[in-house]
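Residues per chain, in single letters:
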Amino acid sequence: MANPNAELSCVVFDAKEDIDIIQVLKAFHLVNFAHQETGYSSPTKPLEGENLMEVNKELVLAFYNQRRKQLLDVEPNKGHRALVRLEEHFNVEIITQNVDDLHERAGSSNVLHLHGELKKVRSTIDPDLVYKMDGWELKMGDHCAKGGQLRPHIVWFGEEVPNIQLAAKLFRSADCLIIVGTSLNVYPAAGLIHDLKPNSPIYLVDPNEVNVGLLEGVRVIQSKASEGLTKLVNELLKNNLSLI
């Protein structure tokens, strides 16, 4: 029997915030944070984008090398696996602000990374030159095909979010939205909510109390991501696969 929900699109916005490299540099007292407009500045210019590599290349590379190494010991949790189960019944599109590959390793087919990917690197002279990493360590002197130093394939503060338009397109086609963690006040990602079709069901999973503002029809599941997603997916599948 054909699945009547197979064409229904459910967008999952994994909006949990990632570790900020700028805060790491601040902890090492490598920058002066005195810029009143952005909150971030170096003694000579705003600390953003490629300026991070100028502050301390070795520390920036070491920070992400350590995170890649740690990722080798991390496994997808039951929340990741719950979304794979949901994909068996719906067209599930995951938009994530996290830079790990846990959704992919869990088995999700459609994952769009807004803030880059930890296991990829790119050229400092041509951002279109992106490479998958075989191991966990990126070193000074590792160059792209054009001779430029490779850097983490991460969207840093002040840089454009290349996939934001693709994310907006997915929001516009969604029949249901699941938000994991809250980014309702952090732009540009927060603006995606306005691309959703009117009256679409919205589920928000977050362990904290969340102010949904003027958004209507939002069901808040106050729980950690792994438990909340498992509960929500179980309910959706139990209730005859109804999104409403």
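1. A short note on the overall build of the protein chain
From N to C terminus, the protein chain includes seven helices and nine strands. When the 244 residues of the protein chain are sorted by exposure, 46% land in the buried category. Accessible area of the protein chain: about 13100 Å², with a carbon and sulfur share of 50%.

2. Observations regarding the side chain of His-153
In this fold, His-153 is placed in strand β6 (residues 150-154). Here His-153 falls in the buried class, since its relative accessible area comes to 17%. A polar contact of 3.1 Å, which involves the side chain of His-153, links it to the side chain of Arg-122. With sequence-adjacent residues up to four places away left out, His-153 is seen in contact with His-115, Gly-116, Glu-117, Lys-120, Val-121, Arg-122 and Val-130.

3. Re the packing of aromatic side chains
Scanning the model with the defined rule gives three aromatic pairs in all. Both rings, one in Phe-13 and one in Phe-171, keep their centres 5.9 Å apart while their planes meet at 85°; by these two values the pair is edge-to-face. In this pair, Phe-13 is assigned in strand β1 (residues 9-14) and Phe-171 in helix α6 (residues 164-173), connecting sequence segments 158 residues apart. Accessibility classification places Phe-13 together with Phe-171 in one group, the buried group. Sitting above the plane of the Trp-156 ring, Arg-151 keeps its charged end 3.9 Å from the centroid.

4. Focus: the sheet that holds strand β3 (residues 111-113)
Strand pairing in a sheet relies on backbone hydrogen bonds. The paired strands run either parallel or antiparallel. Strand order in the open sheet formed by six strands is β3-β2-β1-β7-β8-β9, with parallel pairing between adjacent strands. The strands lining the two open edges of the sheet, one partner per strand, are β3 and β9 (218-221). Across the sheet, the mean angle separating the axes of adjacent strands is 15° when strand polarity is ignored. Where strand β7 (residues 176-180) and strand β8 (residues 202-205) come together, four bridges link them in parallel fashion. Across the sheet, Ile-178 pairs through a bridge with Tyr-203, a residue of β8.

5. Here's the deal with the sheet that holds β6
Strand order in the open sheet formed by three strands is β5-β4-β6, with antiparallel pairing between adjacent strands. Edge positions in the open sheet fall to β5 (130-132) and β6, since each of these has one partner strand only. The sheet shows a mean angle of 45° between the axes of neighbouring strands, taken without regard to direction. For strand β4 (residues 116-123) and β5, the ladder comprises three bridges, and the chain directions are antiparallel. Looking at β5, one finds that Lys-120 is bridged to Lys-132. Of the strands in this sheet, β4 and β6 are in contact with helix α3 (residues 57-71), which crosses β4 at around 140°.

6. A word on the nonpolar core
Generally speaking, nonpolar side chains in soluble globular proteins are found buried as a group. One finds Phe-13, Ile-95, Leu-114, Phe-171, Leu-177, Ile-179 and Leu-192 to be the most contacted residues of the largest nonpolar core, which totals 22 residues. Elements with a minimum of two residues in this core: β1, α6, β7 and β8. It is α6 that provides the largest number of residues to this core, a total of five residues. One finds Ile-94, Ala-225, Leu-232 and Val-233 within the second-largest nonpolar core, a separate group that totals 19 residues.

7. Brief notes about the layout of surface pockets
Here the second largest pocket is characterised by a volume of approximately 330 Å³. Around the second largest pocket, the lining is made up of 17 residues, and of these Arg-122, His-153, Val-155, Glu-160 and Pro-162 lie nearest the centre. Per-element tally for the lining of the second largest pocket: the top contributor is β4, with four residues.

8. Here we look at the side chain of Thr-230
With respect to the element layout, Thr-230 can be found in helix α7 (residues 225-238). With relative accessibility at 18%, the residue Thr-230 sits in the buried group. There is a polar contact of 2.7 Å between the side chain of Thr-230 and the backbone oxygen of Ser-226. In contact with Thr-230, not counting residues within four places along its chain, are Lys-78, Gly-79 and Ala-82.

Rules used in this analysis
Residues numbered from 1 in each chain as written. Predicted model: local features only at pLDDT ≥ 70, side-chain atom pairs only at ≥ 80, totals over all residues. Heavy atoms only, no water. Helix = DSSP H or I, 4+ residues; strand = E, 2+ residues; numbered from the N terminus. Buried < 20%, exposed > 50% of the residue type's maximum accessible area, 1.4 Å probe, protein only. Areas by Shrake-Rupley, 256 points an atom, 1.4 Å probe, with all protein chains shown as cover. Polar contact = N/O pair within 3.5 Å; in protein donor to acceptor, adjacent residues only side chain to side chain. Contact = heavy atoms within 4.5 Å. Phe/Tyr/Trp six-rings, centres within 6.5 Å; stacked < 30°, edge-to-face > 60°. Lys NZ or Arg CZ within 6 Å of the ring centre and 35° of its normal. Pairing = 2+ DSSP bridges. Axes fitted to C-alpha atoms, helices over the stretch in contact; angles between N-to-C directions. Core = buried A, V, L, I, M, F, W, Y, C linked by side-chain atoms within 4.5 Å. 1 Å grid on protein atoms, 1.4 Å probe; cavity = no way out; pocket = protein on both sides within 12 Å on 5 of 7 lines; lining within 4 Å. Points joined across faces, edges and corners; volume = space filled by probe spheres on them.

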